[in-house]
Amino acid sequence: MSIISDNINAGSVAFQAIRREMEEASSPEMEKVRREYVPSDEYIPVPAQPTAHDTSDVRMLDGGWKMSLAPDKPGDNSSTWFDTKVPGQWALQDSSLFNHGGNVWYMKKFTVTPEMMQPGKRLELEFKGVDYKAEVFLNNKKLGEHEGFFAPFKFDVSDKVKTDQENVIKVKVTSDQDPGAPFLKTQIKGIFGQHDARPGGKGASSNIGNTGGIWNDVLLKSTGMQTIENSHVTSELSDDHKEAKLGFHYTIFNHENKEKDVEVAIGFKPQSSDKPEDLKLVSEKVHLKPGFNQVSLSATEQDPHLWWTWDHGKPELYDIQTAIVDGENVAQMESSHFGIRKLDYDPKTMLLKLNDKAVFQRGSNYIPTQWLSTYSNDDYAKDIKLMKDANLNSIRVHAHVLPHQFYDMADKEGILVYGDFPMIWGMKPDKDTQQRAKSQYKEFIENYRNHPSIWMWNVHNESLPYNHFMDNDLFKMGKELDPTRAHKQDSSFLDHFYPGWYKWYGNEFTDITRYHAKLPTEYGSEAIPLSAKQYIPKEAQWPMNDNVWKYHDYQPVEMQKSIGDYKEYKNLDEFIEASQKYQFDLNRHITEYFRRHKYEPSTGAYQFMLKEAWPSVTWAVADHNRNPKMGFQALKESMAPTIVSIDWKKTNFKAGETFKAPLWVINDQYDKISGAKIEWKFCKKDDPERKPIISGSFGKDIEADSSESFCEAQFKIPKDSAPGEKWALFVDLKDKDGNVISSGNLLFGVKDKNNKSHKYEPIHTDYPPVG
């Protein structure tokens with residue numbers, strides 16, 4: 001039984017250590033690190049430590065590495081070695097290696113001091129991330145192998161290192177084009193192996209921009225004889241939210257060849273509190289067998305600080321310190337954080353509830369980079385800011401896994417994460433691939449399940465029928481590993497909607513009305529960023545050299561269908577502007593369509609995608625440097641918590657017809673907005689003063705968490721209207737004090753049948769600058 005607070009020896013070795021760690025965590029310096037996000041022109045990034053950061057004596061082995069392309073293991077003094085950077089990926093080390101696939105050897109020389117090898121201590125060599133296969137040697141003796149780009153792995157080197165002498169690590173890293181791509185892949189690499197947004201173009205599966213390398217830190221750690229191998233916290237919230245039953249779950253490895261009695265001690269407190277009485281202490285004596293042991297402790301938190309998304313409350317977190325104590329010695333101290341929240345997900349309706357409140361997921365897809373070694377904490381912080389600037393409360397990490405730093409920031413900033421496993425399209429349906437997938441899916445869930453931001457585990461992206469049985473096995477295994485979250489077998493083609501881009505979904509983006517999606521996880525269109533003029537060679541820009549543009553993921557067939565042949569445009573600038581206006585119009589229209597159908601049946605919407613992962617032309621609404629395209633503003637406006645929406649059906653009319661559009665209000669907030677009013681007016685398109693021809697207003701309270709048609713705007717098009725004549729509808733949603741909450745506008749008019757141009761005609765009056 002756990003011993004709580006007053007019933008423990010607060011002066012014990014364990015709790016003295018925990019109190020010391022907690023005091024450091026509450027210091028002004030740490031408070032500065034933890035400050036809440038405040039919108040400002042100068043964004044202050046929120047640094048994050050990796051989840052489950054332990055306090056073992058750690059030596060970083062990141063500098064002084066060498067690389068060799070020799071086919072066999074080179075000697076220590078071989079002339080084939082040359083300097084390289086770790087963490088790093090070889091495609092970025094030298095331009096000649098950008099398209100290299102296969103094996104690369106890495107070497108590092110280091111020494112170990114006697115202090116790291118004291119009695120009762122052991123030494124571990126840990127790799128935080130290697131893409132894709134690693135075969136590790138120490139002093140020419142093989143330590144072992146690991147496959148998979150995202151999971152850490154380590155080796156006990158206590159009896160293999162030489163003290164006060166030179167030691168040599170060699171790592172054979174293998175990353176090559178999957179021979180089974182695109183339909184019978186065997187590698188679990190997701191978008192890093194094959195994807196439309198990779199270097200090389202549509203559905204690219206090649207060694208162009210290969211992601212291979214030791215991309216994350218390498219550590220030498222001195223630990224005690226009992227170590228925490230994995231940990232996570234579960235919470236069970238009472239109906240009135242006044243009490244939370246907490247479960248602290250550990251996988252502890254006893255490295256001694258005998259059974260051992262140790263004390264596991266825990267200290268935890270809300271990050272937002274500096275009151276000493278809010279520090280809770282839990283302790284339990286446990287009996288460990290040699291090898292792996294599963295240990296769980298429990299506690300009850302009264303009046304818990306709950307984790308919410310940023311738009312519905314505070315994303316409260318708790319700091320936690322865990323100590324394993326052997327007599328008077330602390331074998332290991334681990335620090336982390338956790339969140340207390342309740343998740344409910346109905347797989348039939350796909351409705352998510354957070355702390356018993358329905359959450360409409362306003363989301364996008366996210367691929368930050370093609371080379372993880374290049375991304376810093378500051379980069380992830382800027383991306384989180386971009387998400388919140390776009391009014392997103394959820395993000396789908398699309399068909400890959402990121403380092404813990406990103407999920408730590410999502411925890412801190414209150415962003416829900418739809419977690420994809422890195423399987424995309426066709427996988428080889430054999431036992432070897434299935435076993436490989438099972439092993440890595442287990443690593444995925446066990447390594448990331450302590451993040452309160454993650455609400456969904458998804459096995460596969462756009463799976464093919466012959467992978468059903470493998471996907472189902474992983475789906476069932478995932479539910480056993482983590483019964484506290486939602487699970488999905490596939491983010492399938494049935495969840496993805498590209499009318500207006502891919503013709504099989506519909507030629508026009510207005511064809512979205514064919515679909516009644518519960519949880520759409522992809523939709524969008526490409527738009528050319530202004531920065532393309534910097535990375536597309538000038539001679540290939542205009543006239544457009546399709547092969548050069550397609551290398552950067554541009555899809556000319558779909559773009560021509562959407563906005564017309566580029567040859568109809570005067571220059572590249574005009575064509576870029578048209579592509580961005582089209583993306584603006586499509587994203588706004590489809591996003592608002594799903595929001596009008598809130599809970600009937602849509603429970604969220606994930607646009608594709610947020611930012612480009614390299615200098616490319618994709619569906620992203622911001623380029624690789626986060627410069628917003630016009631589509632970013634459309635996403636921001638249509639994803640705002642409370643919006644007004646024009647439910648238009650068409651924009652081309654005959655003279656004498658009547659334009660009719662229901663005006664909807666969608667409110668995701670949990671509070672009623674009293675005294676709201678819609679004001680609308682119709683004007684001539686080219687009237688600079690926008691004088692109303694006809695106008696109207698309608699007042700009504702906006703119900704909490706609602707989507708409702710308020711009124712209808714109508715305009716009789718004059719019978720003597722000329723072909724090509726246009727009008728504009730302007731709509732404002734105002735609060736009781738007359739402040740504008742949300743606005744919308746639409747262009748419509750009489751079609752000019754004599755206009756044979758296929759150039760895109762924008763449907764809105766106001767657009768942001770080209771970006």
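That block above? That's the structure.
First, a word on scope: everything that follows refers to the structure included in this document.

What counts as what
Residues numbered from 1 in each chain as written. Predicted model: local features only at pLDDT ≥ 70, side-chain atom pairs only at ≥ 80, totals over all residues. Heavy atoms only, no water. Buried < 20%, exposed > 50% of the residue type's maximum accessible area, 1.4 Å probe, protein only. Helix = DSSP H or I, 4+ residues; strand = E, 2+ residues; numbered from the N terminus. Pairing = 2+ DSSP bridges. Axes fitted to C-alpha atoms, helices over the stretch in contact; angles between N-to-C directions. Polar contact = N/O pair within 3.5 Å; in protein donor to acceptor, adjacent residues only side chain to side chain. Phe/Tyr/Trp six-rings, centres within 6.5 Å; stacked < 30°, edge-to-face > 60°. Lys NZ or Arg CZ within 6 Å of the ring centre and 35° of its normal. Parallel < 35°, antiparallel > 145°, perpendicular 65-115°, else oblique. Left-handed = near helix turned anticlockwise from the far one by under 90°. Contact = heavy atoms within 4.5 Å. Nonpolar A, V, L, I, M, F, W, Y, C, P; charged D, E, K, R; others polar. Salt bridge = Lys/Arg side-chain N within 4 Å of Asp/Glu carboxyl O.

The next thing to look at is the pairing of strand β22 (residues 343–346). Of the two faces of β22, the one lined by L343 and Y345 is fully buried and the one lined by D344 and D346 carries no buried residue. Judged from the four bridges that link them, β22 and strand β23 (residues 351–354) form a sheet pairing that is antiparallel. Considered in β23, the bridge of L343 is made with L354. Linking β22 to β23, which pair antiparallel, is a turn of four residues; within it M350 sits at a positive phi near 65°.

Turning next to the sheet that holds strand β37 (residues 726–734). With respect to topology, five strands assemble into an open sheet ordered β32-β38-β37-β34-β35, the strand pairing being mixed. The sheet terminates laterally at β32 (652–653) and β35 (694–699), the two strands that pair on one side only. Direction of pairing for strand β34 (residues 677–684) relative to β37: antiparallel, over a ladder of eight bridges. Among the inter-strand pairings, C683 is bridged to a residue of β37, identified as A728.

Below, the discussion takes up the sheet that holds strand β26 (residues 394–397). Pairing in this open sheet of six strands is parallel, and the strands run β29-β28-β27-β26-β25-β30 from one edge to the other. The outermost strands of the open sheet, each flanked by one partner alone, are β29 (486–488) and β30 (604–607). Across the sheet, the mean angle from the axis of one strand to that of its neighbour is 20°, orientation sign disregarded. Pairing of strand β25 (residues 361–366) with β26, which is carried by four bridges, proceeds in the parallel orientation. Opposite Y366, over in β26, you have V397 as the bridge partner.

On to the pairing of strand β11 (residues 153–156), then. Residue alternation in β11 divides its side chains into a buried set, F153 and F155, and an unburied set, K154 and D156. When strand β7 (residues 122–127) meets β11, the two strands line up antiparallel, connected through four bridges. Within β11, the position partnered with L125 by the bridge is F155.

For the rest of this paragraph, the subject is the side chain of H398. Take H398: it is sitting in the loop between β26 and α4 (404–413). Engagement of the side chain of H398 in a polar contact is seen with the side chain of N365, the distance being 3.0 Å.

Scanning the model with the defined rule gives 58 aromatic pairs in all. Over the ring of F137 we find K73; its NZ or CZ atom is 4.1 Å from the centre of that ring. Its end group placed over the ring of F730, K681 keeps NZ or CZ at 5.9 Å from the ring centre.

Let us now look at the packing of helix α5 (residues 431–448) against helix α6 (residues 468–481). At a minimum axis distance of 10 Å, the contact between α5 and α6 shows a crossing angle of 30°. Considering their axes alone, α5 and α6 lie roughly parallel with respect to each other. In this structure, α5 meets α6 at a crossing whose hand is right-handed. Between α5 and α6, the contacting residues are T433, Q434, A437, K438, Y441, K442, I445 and E446 on the first element and M470, D473, L474, M477, G478 and L481 on the second. Per-class residue counts for the contact of α5 with α6 are seven nonpolar, three polar and four charged.

Now for the environment of M423. The residue M423 is located in the loop between β27 (416–420) and α5 in this model. Take M423: its relative accessible area is 0%, and that puts it in the buried class. Taking C-alpha positions, M423 is 4.7 Å from G190, a pair spaced 233 residues apart along the chain. The residues touching M423, leaving out its near neighbours within four places in the chain, are I188, G190, A437, V459, H460, N461, M470, D471 and L474.

Turning our eyes to something else, we now look at the pattern of salt bridges. The final tally for this structure, using the stated rule, is 53 salt bridges. A salt bridge links K649 to D647; the nearest nitrogen and oxygen atoms lie 3.1 Å apart. Taken together, the salt bridges that share partners define one network made up of D311, R362, R595, K598, D668 and D705.

Here we come to the packing of helix α11 (residues 572–596) against helix α12 (residues 630–638). Two numbers describe how α11 lies on α12: the axes approach to 7 Å, and their chain directions differ by 15°. Judged by the angle between their axes, α11 and α12 are roughly parallel. When the axes of α11 and α12 are compared, the crossing they make is right-handed. Two secondary-structure elements touch here, α11 through E577, Q580, K581, Q583, F584, N587, R588, T591, E592 and R595 and α12 through M630, G631, Q633, A634, L635, E637 and S638. By residue class, the composition of the contact of α11 with α12 is four nonpolar, seven polar and six charged.

Cis geometry marks the peptide bond from D131 to Y132, where omega comes out at 10°. Looking at the element boundaries, Y132 is found in the loop between β8 (130–131) and β9 (133–138). With omega at 5°, the peptide bond leading from A181 into P182 counts as cis. Mapped onto the fold, P182 is located in the loop between β12 (166–175) and β13 (213–214). At H241, a residue that is not glycine, the phi angle is positive and equals roughly 65°. Examined against the element boundaries, H241 turns out to sit in the loop between β15 (226–237) and β16 (243–254). The phi dihedral of D303 falls on the positive side, at around 50°, and the residue is not glycine. Structurally, D303 can be placed in the loop between β19 (291–302) and β20 (318–326).

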